[in-house]
Amino acid sequence: MKLKTQSQRRKPVYFTLPADYEKRMANIEAACRRPRADLAREWAQERLDLIDFPCLEFRSSSKGRFAVVRGTRLAVWHMALLARTLGWGKKLASHLEIVPEAVASAEAYSRRHYAEIQALIAANEQTGFDELKQTFPNLRRLDEAAS
Amino acid sequence: MRLLLDHHISPRVAAAFKRLGGRCEVTHMRDWHGGIYVRQHGEGDLPWLRAAGREQWIIVTGDRNTLLSDLALLNEEGGELPGFAAVNPEHLADIGWIARKLAALEKACAKQRACNVQVFL
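Summarised in this report is the structure supplied together with it. (Residues numbered from 1 in each chain as written. Chains lettered and ligands numbered in written order. Predicted model: local features only at pLDDT ≥ 70, side-chain atom pairs only at ≥ 80, totals over all residues.)

1. Quick word on the overall build of chain B
Scanning chain B for helices and strands turns up 5 helices and 5 strands. Going from N to C terminus, chain B has its helices and strands arranged as β-α-β-α-α-β-α-β-α-β. Taken against the 2.2 N^0.38 rule, which gives 14 Å for 121 residues, the C-alpha radius of gyration of chain B at 13 Å falls within 12% of a compact globule. Overall size of chain B, expressed as C-alpha extent along the three principal axes, is 35 × 25 × 25 Å. The buried share among the 121 residues of chain B stands at 45%. Here the analysis covers contacts within chain B between residues at least 6 apart in sequence; of these, 68% occur between residues at least 24 apart. (Helix = DSSP H or I, 4+ residues; strand = E, 2+ residues; numbered from the N terminus. Rg over C-alpha atoms; globule rule 2.2 N^0.38 Å. Buried ≥ 20, exposed ≤ 12 C-beta atoms within 10 Å, placed from the backbone. Contact = placed C-beta atoms within 7 Å.)

The following block contains the structure:
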């Protein structure tokens, strides 16, 4: 049996909230239908990531939360998808007309959270015409719309 | 017809579309309402999708999973929907391809209400 080293050992975080925040926490817990430990873990992880990647922030969708370039809905996974063709760097920054620092931040986030980013790209690729047609019955291919 | 380019679509698509003879209004998300619907309306997409529906925009996006799922939620709300033109991920970096498809879309759907334009480019 391997012993965990100091850096591998995960220490629990205990805290209580002031009364007014406690009430808000209970409301959010009910609205999200998730335990507060899950929510607090997600918020702490996001806050720690934002310290390392100051060009980014997080947005919500019905499919969950994802990292985006601050002040936009340009997601890191969108950029990782484009980087397959354009690479990470000046070409991508020029294509999107954004600052190179935002691309560098997104690239670093993408490397640290590789599995998360690849899963978002895969989910997008798996959402094809037939899947969308179930949600949007009027969906057509462009050549059908033209005829 | 009014086309709203999502943030991951190159802003250069608008100029390429005009060079191909495109006549309709094309706006990039970063410029739409000065970007305020994304910057100042919290963390979700529903507020700006509602506004895009009221203003009859057609959203050009490669985000078929997260964005179109939220559009489905808006559909359940019963409000006015924006239209959408979904870009295949393999062409997402190809400015000329997207511009040509939008020019074809304009010819095919110019007289339709935006909410009725739901197209896979």
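2. Quick look at unusual backbone geometry
Residue and element names in this part refer to chain A. Although it is not a glycine, R33 sits at a positive phi angle of roughly 55°. Here R33 lies in the loop between α1 (19-32) and α2 (36-52). Despite not being glycine, E97 shows a phi value in the positive range, around 55°. Looking at the secondary structure, you find E97 in the loop between α4 (90-96) and α5 (100-112).

3. Things to note about the interface of chain A and chain B
Every contact between the two is made by 33 residues of chain A and, on the other side, 35 residues of chain B. Of all the secondary-structure elements, those providing two or more residues to the side of chain A that touches chain B are β1 (56-61), α3 (76-86), α4, α6 (114-126), α7 (129-135), β3 (140-141) and α8 (142-146) of chain A. If one sorts the elements of the side of chain A that touches chain B by residue count, α3(A) sits on top with 5 residues. Residue classes in the side of chain A that touches chain B are distributed as 14 nonpolar, 12 polar and 7 charged. Bridge analysis of β3(A) against strand β5 (residues 118-120) of chain B gives 2 bridges, and the strand direction is parallel. When the bridges of β5(B) are listed, A:R141 appears paired with B:F120. (Nonpolar A, V, L, I, M, F, W, Y, C, P; charged D, E, K, R; others polar. Pairing = 2+ DSSP bridges.)

4. With respect to the packing of α3(A) against α6(A)
Residue and element names in this part refer to chain A. Where α3 contacts α6, the two axes come as close as 9 Å, and the packing angle between them is 80°. Taken as axis vectors, α3 and α6 run roughly perpendicular relative to one another. When α3 is examined against α6, the residues V76, W77, A80 and L81 are found in contact with a partner set consisting of I117, L120 and I121. A per-class count over the contact of α3 with α6 returns 7 nonpolar, no polar and no charged. (Axes fitted to C-alpha atoms, helices over the stretch in contact; angles between N-to-C directions. Parallel < 35°, antiparallel > 145°, perpendicular 65-115°, else oblique.)

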